[in-house]
Amino acid sequence: MEERKWEDMNSDCLVNIFGRLELKSKVLVIPLVCKPWYQAVHNPLCWERLIFPRTILGPRSQTELIKFFVNRSQRCATSLALLDMCDREDLVYVSEECPDLKMLFLPYGVCMEHKDIIPNLIVKWKKLESLLLGCITCVKEILELIHIHLPSFICLCLTNGDVDGETASAIVSLIPNVKCLFINQAKLKKEDLLLILRGCKRLEYLDVRNCTGFDEGDDEILRLASGIKNFQCDGSTAKDPLSFMHEFNELVLQMDIEIDLDFLDAIGGDDFQWDEYQWEL
């Protein structure tokens with residue numbers, strides 16, 4: 001039997017495989033293998049997942065690189081993880097050129113630097129299902145707009161901040177049908193967690209690991225959370241130790257739900273050095 005060659009693989013299969021690779025490989029490696037691979041990797045469906053590393057080093061500006069990759073997607077992108085620091089121009093650009101996003105990760109630097117425009121930009125993504133925020137800022141305003149404009153929304157991830165009573169009440173009143181909720185490395189009082197447990201009846205996954213404000217072995221909390229398919233509270237304590245930060249993907253290592261887990265795992269990948277070569281492809 002004649003051995004089949006990789007370059008003879010069906011184009012749709014190649015697109016499916018290449019779409020799961022990191023941006024670096026899709027630009028610097030895949031196009032150089034053979035003509036069929038070159039053609040397949042230029043299919044916009046290969047660029048549905050735009051997962052940028054935390055930083056990009058190189059002679060080109062971050063704005064140029066963001067536009068380069070977004071343009072490759074030809075408005076087909078469904079998942080986007082931005083650089084830790086990007087300009088306002090970049091944020092506005094992706095809101096206009098990635099209209100079909102279902103999952104969005106805004107890292108700490110983006111949340112802090114552009115908190116004045118983020119709420120109004122988020123509602124442009126009418127199909128958005130999952131929002132991952134690198135810090136808790138303007139979250140109540142965001143939830144108010146999600147409640148009005150984003151009926152398909154099912155997953156909220158918050159980290160590094162104070163989820164106070166007002167925020168907990170906003171979660172319960174504005175997104176009561178949320179299925180996945182991640183509040184990690186945050187200050188969360190027991191009474192506020194109990195409010196969420198009682199108010200969000202459709203929760204399937206609740207991750208409140210490494211929080212301060214309640215004990216991980218609290219009987220009342222465990223009893224109320226017993227009906228949730230996946231509940232995690234390891235490392236949480238009523239004491240208030242020094243705050244600390246971990247890479248965002250630690251929030252979702254145990255998650256098992258029908259959203260793009262590869263996208264979550266890839267957030268915060270290794271930094272890499274870009275050369276001039278990809279601009280000639």
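Just so we're clear, the structure is a prediction, and the values are computed from it rather than from any experiment. (Residues numbered from 1 in each chain as written. Predicted model: local features only at pLDDT ≥ 70, side-chain atom pairs only at ≥ 80, totals over all residues. Heavy atoms only, no water.)

1. A look at the packing of aromatic side chains
As enumerated under the stated definition, the model contains 3 aromatic pairs in all. Taken together, a centroid distance of 5.2 Å and an interplanar angle of 75 degrees make the contact between Phe68 and Phe69 edge-to-face. Note on accessibility: Phe68 and Phe69 belong to one class, buried. Taken together through their ring pairs, the aromatic side chains of Trp47, Phe52, Phe68 and Phe69 make up a single cluster. Over the ring of Trp47 we find Lys26; its NZ or CZ atom is 4.7 Å from the centre of that ring. (Phe/Tyr/Trp six-rings, centres within 6.5 Å; stacked < 30°, edge-to-face > 60°. Buried < 20%, exposed > 50% of the residue type's maximum accessible area, 1.4 Å probe, protein only. Lys NZ or Arg CZ within 6 Å of the ring centre and 35° of its normal.)

2. Some thoughts on the packing of helix H4 (residues 62–73) against helix H5 (residues 88–97)
Following both chains from N to C, one finds H4 and H5 inclined at 5 degrees, their axes separated by 10 Å at the closest point. The angle between H4 and H5 places the two elements in the roughly parallel class. Residue-level inspection shows Thr63, Ile66, Lys67, Val70 and Asn71 of H4 in contact with H5, the latter providing Glu89, Asp90, Tyr93, Val94 and Glu97. (Axes fitted to C-alpha atoms, helices over the stretch in contact; angles between N-to-C directions. Helix = DSSP H or I, 4+ residues; strand = E, 2+ residues; numbered from the N terminus. Parallel < 35°, antiparallel > 145°, perpendicular 65-115°, else oblique. Contact = heavy atoms within 4.5 Å.)

3. Some words on the sheet that holds strand E10 (residues 205–207)
One open sheet holds the 8 strands; their spatial order is E1-E3-E4-E5-E6-E8-E10-E11, and the pairing between them is parallel. At either margin of the open sheet sits one strand with a lone partner, and together these are strand E1 (49–51) and strand E11 (230–232). On average, adjacent strands in this sheet sit at an angle of 5 degrees to one another, irrespective of strand direction. Two strands pair when backbone bridges link them, and strand E8 (residues 180–184) and E10 are joined in this way by 3 bridges, in the parallel orientation. Pairing of Cys180 across the sheet is with Tyr205, part of E10. (Pairing = 2+ DSSP bridges.)

4. Quick notes on the environment of Ile175
Within the secondary structure, Ile175 sits in the loop between helix H9 (165–174) and E8. A relative accessible area of 7% means that Ile175 is categorised as buried. Put simply, Ile175 and Leu143 are 32 residues apart on the chain and 7.2 Å apart in space, counted from C-alpha to C-alpha.

5. Some words on H4
Taking 1.5 Å as the rise per residue, H4 with 12 residues should run 16 Å; its terminal C-alpha atoms sit 17 Å apart, in good agreement. Taken residue by residue, H4 has Thr63, Leu65, Ile66, Phe68, Phe69, Val70, Arg72 and Ser73 as its buried positions. Of the residues trailing H4, Gln74 is marked for its positive phi of about 50 degrees. (Expected span 1.5 Å × (residues − 1).)

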